Amino acid sequence: MEPDAIRPDRDKTGRQKNPRRGGCENGTTKMSANSICGELPCVTSEKDNVVSDDARTCTVSFCMNSASGHPKCSVPVGDESVLATLCEIEHICNQLRDAHPVITKTSITLIDAVLRPSLIVSRSPLIFDGSLGLAGCKEYFENLRRLIVLLFDYANTLKPIADLTPSEKISIIHNCVSQFALLVVAYHTVRNTEMVSSTILLPSGHYFHREKPVIIIEQCEDKQIILLESRIEIVKKNILDVVLSPMRRLGFTEIEMVALKAIIALDPSAANLTPHSASLLAVARGSVQNALYAHLSSRLSPAEATSRFGNLLLLIAGLSKMGAALCGMMQLCRDLSMNIDPVVDGLFFNDSC
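Residues numbered from 1 in each chain as written. Predicted model: local features only at pLDDT ≥ 70, side-chain atom pairs only at ≥ 80, totals over all residues. Heavy atoms only, no water.

A.B. asks: Can you explain the confidence of the model for the protein? Please cite residues and give values.
C.D. replies: Averaged over all residues, the pLDDT of the protein equals 78, while 73% of them reach at least 70. Per-element averaging of pLDDT across the protein places strand β1 (residues 62-64) at the bottom with 29 and helix α8 (residues 254-265) at the top with 96. Counting interchain partners and residues more than four positions distant, the pLDDT-below-50 stretch residues 1-5 has zero contacts. Scored below 50 in pLDDT, residues 20-78 makes 69 contacts in the model with residues more than four places away or belonging to other chains. (pLDDT = per-residue confidence, 0-100. Helix = DSSP H or I, 4+ residues; strand = E, 2+ residues; numbered from the N terminus. Contact = heavy atoms within 4.5 Å.)

This is the structure we're talking about:
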């Protein structure tokens with residue numbers, strides 16, 4: 001082309017005759033990939049000039065990783081402090097011991113349990129090593145009592161739950177007891193059995209095994225007892241497949257565990273909460289979720305962080321499903337007129353909570 005040639009869409013000065021408009025014919029603007037990323041929780045792009053009010057409260061700026069080319073998120077100090085506080089609470093609750101021997105009561109009110117959790121059972125060390133052998137029904141209820149004490153200690157330590165009335169604490173504990181117990185057991189099982197995927201470790205040092213049945217009564221031919229034993233085996237195998245297997249695949253970390261534990265406990269939909277208490281729980285839960293996402297975003301690309309965040313929340317769905325199955329199994333025990341631990345019975349099946 002000659003140097004002085006003129007393109008047909010330009011005038012003699014080289015100016016474009018019909019400049020393109022940035023918008024569509026209907027006046028709406030197109031969203032770029034970067035602006036869509038800005039809609040993800042707690043993530044905004046530096047190129048976006050306008051962000052929503054929700055995004056402003058937890059804005060995380062991108063910085064490019066020179067090695068991979070993926071944008072990384074810098075985590076605000078406040079978000080890291082949330083997770084650090086949860087880790088500290090976790091260690092405090094795990095290390096709590098009774099200063100003086102406490103006489104355990106077989107039947108206590110839940111209000112008394114809130115004020116003195118050690119009345120349920122003494123705060124024995126949490127030993128997830130399986131050294132004491134296979135567990136039976138007796139060991140199951142003993143370990144469940146110990147996990148309930150751990151949950152009461154947790155509720156008395158974690159704010160804003162710690163500042164609520166005893167009756168509201170009971171409602172929160174009643175709402176999350178099965179998920180909480182399963183999460184603690186599953187995390188420590190995955191952590192302490194890297195090469196074994198067929199056991200469920202209990203805090204007393206006992207364990208359940210996929211292939212070894214839980215015997216309720218030796219040499220019993222009662223059809224109802226056999227039915228219950230069959231139900232126990234189904235629940236046990238489902239816990240291994242629905243809860244423990246996904247945790248192993250994810251490489252579940254302690255920080256992620258303490259965050260999920262708080263998200264489970266800080267449920268504003270628990271019954272018998274005042275509107276003010278429910279609002280406090282909702283704000284606290286949102287803070288933990290934002291902190292967890294920011295933690296992931298500081299270590300992973302946006303796509304990887306979003307995917308892992310979603311998979312972590314799906315673990316809660318699995319815990320809820322297996323928690324319901326656990327309650328159903330114990331309900332069957334009640335229907336068969338078997339002796340149920342009174343504390344467990346009151347906490348799991350008290351409709352007034």
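A.B. asks: Describe in detail the sheet that holds strand β4 (residues 199-201), supporting the description with residues and values.
C.D. replies: An order of β3-β5-β4 is seen for the three strands of this open sheet, with the pairing classed as mixed. Every interior strand has two partners, whereas the edge strands, β3 (133-134) and β4, have only one. Pairing of β3 with strand β5 (residues 206-209), which is carried by two bridges, proceeds in the parallel orientation. Within β5, the residue paired with G133 across the bridge is H206. (Pairing = 2+ DSSP bridges.)

A.B. asks: Help me get a handle on the packing of aromatic side chains, residues and values and all.
C.D. replies: For the structure shown, the criterion picks out four aromatic pairs. On the basis of an interplanar angle of 70° and a centroid distance of 5.1 Å, the ring pair of Y140 and F141 is categorised as edge-to-face. Given a relative accessible area of 14%, Y140 falls into the buried group. Overall, the relative accessible area of 16% leaves F141 in the buried class. Judged by centre distance (5.6 Å) and plane angle (50°), the rings of Y154 and F180 are tilted. Of this pair, Y154 sits in helix α5 (residues 137-155) while F180 sits in helix α6 (residues 166-192), and the two are 26 residues apart along the sequence. The lysine or arginine in question, K261, covers the ring of Y154, its NZ or CZ lying 5.6 Å from the ring centre. (Phe/Tyr/Trp six-rings, centres within 6.5 Å; stacked < 30°, edge-to-face > 60°. Buried < 20%, exposed > 50% of the residue type's maximum accessible area, 1.4 Å probe, protein only. Lys NZ or Arg CZ within 6 Å of the ring centre and 35° of its normal.)

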